[in-house]
Amino acid sequence: MGELLNLLPPGSTVAADGTLTIAGCRADELAEGFGTPAMIVDESALRRRAREYRIELAARWPSSRVVFASKAFPCTAVQRVMVQEGLGLDVAGGGEIRTALKAGVDPALLVLHGNAKGIDELTLAVRHGIGLVVVDGPDDVDRLEELVASGGNQDVLVRVVPGVTADVHAHVLTGHEGSKFGLAPPAAAELIARIERSDRLTMRGLHVHVGSQILDTAPFARSVAPVAALGAFDIYDLGGGLGARYSYADQPPTVAEYLDALVGAAREHLPAGAQVIIEPGRSMVASAAVTLYRVTTVKRGAHTFVAVDGGMGDNLEVALFGQRFEAGIANRLDPADPIGGTERVVVVGRHCESGDVLIDGVDLVAPRVGDLLVVPATGAYCFTMANNYNGSRRIPVVFADDGAARLVVRRETWEELSARDVE
Ligand SMILES: Cc1ncc(COP(=O)(O)O)c(C=O)c1O
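Residues numbered from 1 in each chain as written. Predicted model: local features only at pLDDT ≥ 70, side-chain atom pairs only at ≥ 80, totals over all residues.

**Description of the sheet that holds strand β9 (residues 154-159)**
Around the barrel, which closes on itself, the eight strands sit in the order β5-β6-β7-β8-β9-β10-β11-β12 with parallel pairing between neighbours. If you compare each strand with its neighbour and ignore which way they point, the axes differ by 30° on average. With three bridges connecting them, strand β5 (residues 64-69) and strand β6 (residues 88-92) associate as parallel partners. Following the sheet pairing, Ala 69 is matched in β6 by Asp 90. Along the sheet face, helix α3 (residues 43-60) touches β5 and β12 (275-278) and points at about 150° away from the line of β5. (Pairing = 2+ DSSP bridges. Helix = DSSP H or I, 4+ residues; strand = E, 2+ residues; numbered from the N terminus. Axes fitted to C-alpha atoms, helices over the stretch in contact; angles between N-to-C directions. Contact = placed C-beta atoms within 7 Å.)

**Regarding the site of the ligand**
As a structural note, the neighbourhood of the ligand is formed by 17 residues, with Ala 69, Ser 212, Gly 240, Gly 281 and Arg 282 the closest of them. Grouping the amino acids of the shell around the ligand by side-chain chemistry returns four nonpolar, nine polar and four charged. (Near = placed C-beta within 6 Å. Nonpolar A, V, L, I, M, F, W, Y, C, P; charged D, E, K, R; others polar.)

**A short note on the domain arrangement of the protein**
Domain assignment breaks the protein into domain 1 (2-42 + 287-417) and domain 2 (44-285). Each of domain 1 and domain 2 has a C-alpha centre, and these two points are 31 Å apart. Listed by partner, the interface residues are 28 residues for domain 1 and 21 residues for domain 2. Contributing elements (two or more residues each) for the side of domain 1 that touches domain 2: α1 (2-7), β4 (38-42), α13 (317-321), β19 (397-401) and β20 (404-409). (Domains from an automatic or database assignment.)

**Side note on the sheet that holds strand β3 (residues 25-26)**
Pairing in this open sheet of three strands is antiparallel, and the strands run β1-β2-β3 from one edge to the other. On the outer flanks of this sheet lie β1 (13-14) and β3, each paired with one strand and no other. In this structure, β1 lies alongside strand β2 (residues 20-22), joined through two bridges in antiparallel fashion. Each bridged residue has a counterpart across the sheet, and for Thr 13 the counterpart in β2 is Thr 21.

The structure is reproduced here in structure tokens:
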């Protein structure tokens, strides 16, 4: 029980009757009020993390900016929190540009990414005066030169493949040789020279991003030298990628430890006067949220399958790269009996795939139909990849703060499932 609380947003407690509370809100009342499955975000935890990143980076490298990687939780309310906390936003594509603008961001604080940006997305970026476009290859330069009016200007960074790997699943690695993102140093050097000759684009700096859910600081530090070797510029965007704590076994570096390593490498290799940008996504939001499910069936046989009313429709992280999650029975977290009667179970979803497994082996206390299951650390990339598999309606997002809960994204309606049908 104590272990589970350590994975939940700080300040989560257990009420006298064994019910989990998140940011002062009882899990049973949240489930009653908003239905299940539902994603519950501890708003203060989100804000604290944003501040921690901003303050810790500024303390180490004063000319710096934190931009939240919107893709990790591309919800207007979350982007708005980041903007209110003084962060910029990394946006990948036209959709994230639109929600970021709706969240009230100053377009000058946007950094646009994408390995396949369409002309429509670049048009939107240029029209709104987006601060930095991260050029992924020559096609981006062709399109920008066509779009930027004569006499106009667009500031750009060039994304470099540092040739660095990390001990993570191949599906979340991006900085290795052969990555589809960015350019290897020789090709980057050629493109930099071309941009420097352009009368419409300004070559402001370089970008690098090693991958995601990285639980070791060394790969971040290693990614700086290959970028520095391409020359001295105004800006170095060193990407995101710090891992979050999902399981009892995970011991991710703290933000301070991560920045010590990254800024240590920046001091060694980058010009002292340059601006450093970082783009945390997962580690910014994962731990601030949980998903509440209702247990729909319990089937005992070779395994005990505990099936819930969600699954890969609201959490694709398991299927995508085998991410390990933990869980607890949110209505029976008995503080007096933390280990009594546990049963090893497989938590599965409601979708028609054997791969629809939320947790392959977790100890639950006598799970039964109707229980509320809480899965911690679902704040990153779960909302992002939510889908309608088996006619699922995408789940709501609820902000909880100081005992009050408010809906920031409602559950999809049944009507919306066929709203795009034209016949
Ligand atoms: C360019 C870029 N920046 C930042 C991020 C955020 O990474 P993470 O969520 O692992 O911090 C990503 C995601 O992979 C990315 O592609």
